[in-house]
Amino acid sequence: MCVGLSAKVIGMKEGMALVDASGAKREVSAELLDDLEPGDYVMVHAGIAIAKIESDDESETEELLDLL
C-alpha cells in the first residue's frame, strides 16, 4: 500500500520545499511541481511533493486522522 501525507509548504529553496505535516517539519523535493509557494498544500509521498491540493482537502485529511 502506498501512503501519501498532506502537508503545508512553509518555505522554498532550490527545488526543495520545507513542509509541515501535522507539526512534523521536513524537506521534500518539489521538482515535480511548478509554482509552489509558502502557504500551498501538497501531497507528499516518499519525500517528494507529488501534487498540489486544496486547503479543504487538508482539513478533511486531518479530520480522518483524528478518528484513528
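Our structure is the block above this text.
Residues numbered from 1 in each chain as written. Predicted model: local features only at pLDDT ≥ 70, side-chain atom pairs only at ≥ 80, totals over all residues. Heavy atoms only, no water.

S.K.: Is there a simple way to explain the environment of I53 in this structure?
M.R.: Tracing the backbone through its elements, the reader meets I53 in strand β5 (residues 48-53). You can call I53 buried: its relative accessible area is 16%. Counting along the chain gives ten residues from I53 to M43, while the straight-line C-alpha distance between them is 6.7 Å. (Helix = DSSP H or I, 4+ residues; strand = E, 2+ residues; numbered from the N terminus. Buried < 20%, exposed > 50% of the residue type's maximum accessible area, 1.4 Å probe, protein only.)

S.K.: Help me understand a nonpolar patch on the surface in this model?
M.R.: Taken together, the side chains of L32, I48 and I50 make up a nonpolar region of the molecular surface, amounting to roughly 260 Å² of accessible area. If you trace the backbone, I48 turns up in strand β5. (Patch = residues over 30% accessible without salt bridge, like charges linked within 9 Å, V, L, I, M, F, W, Y side chains within 5 Å. Areas by Shrake-Rupley, 256 points an atom, 1.4 Å probe, with all protein chains shown as cover. Salt bridge = Lys/Arg side-chain N within 4 Å of Asp/Glu carboxyl O.)

S.K.: So what exactly am I meant to see when it comes to unusual backbone geometry here?
M.R.: Note: most peptide bonds trans; most residues except glycine with negative phi. The residue S22 is not glycine, and still its phi comes out positive at about 55 degrees. Inspection of the secondary structure assignment puts S22 in the loop between β2 (16-21) and β3 (24-29). Phi at A46 is positive, roughly 55 degrees, even though this residue is not glycine. Tracing the backbone through its elements, the reader meets A46 in the loop between β4 (41-45) and β5. Judged by its relative accessible area of 67%, A46 falls in the exposed class.

S.K.: Sorry, what's going on with the pattern of salt bridges here?
M.R.: Opposite charge on two side chains permits pairing when their charged atoms draw close. Taken as a whole and assessed by the stated rule, the structure comprises two salt bridges. Across the pair K25 and D20 runs a salt bridge, and its minimum N-O distance is 3.7 Å. Overall, K25 belongs to the exposed group, its relative accessible area being 53%. Its relative accessible area of 23% is what places D20 among the partly exposed residues. The partner of K52 in a salt bridge is D40, and the shortest N-O contact between them spans 3.6 Å. Of the two residues, K52 sits in strand β5 while D40 sits in the loop between β3 and β4, which places them twelve residues apart along the sequence.

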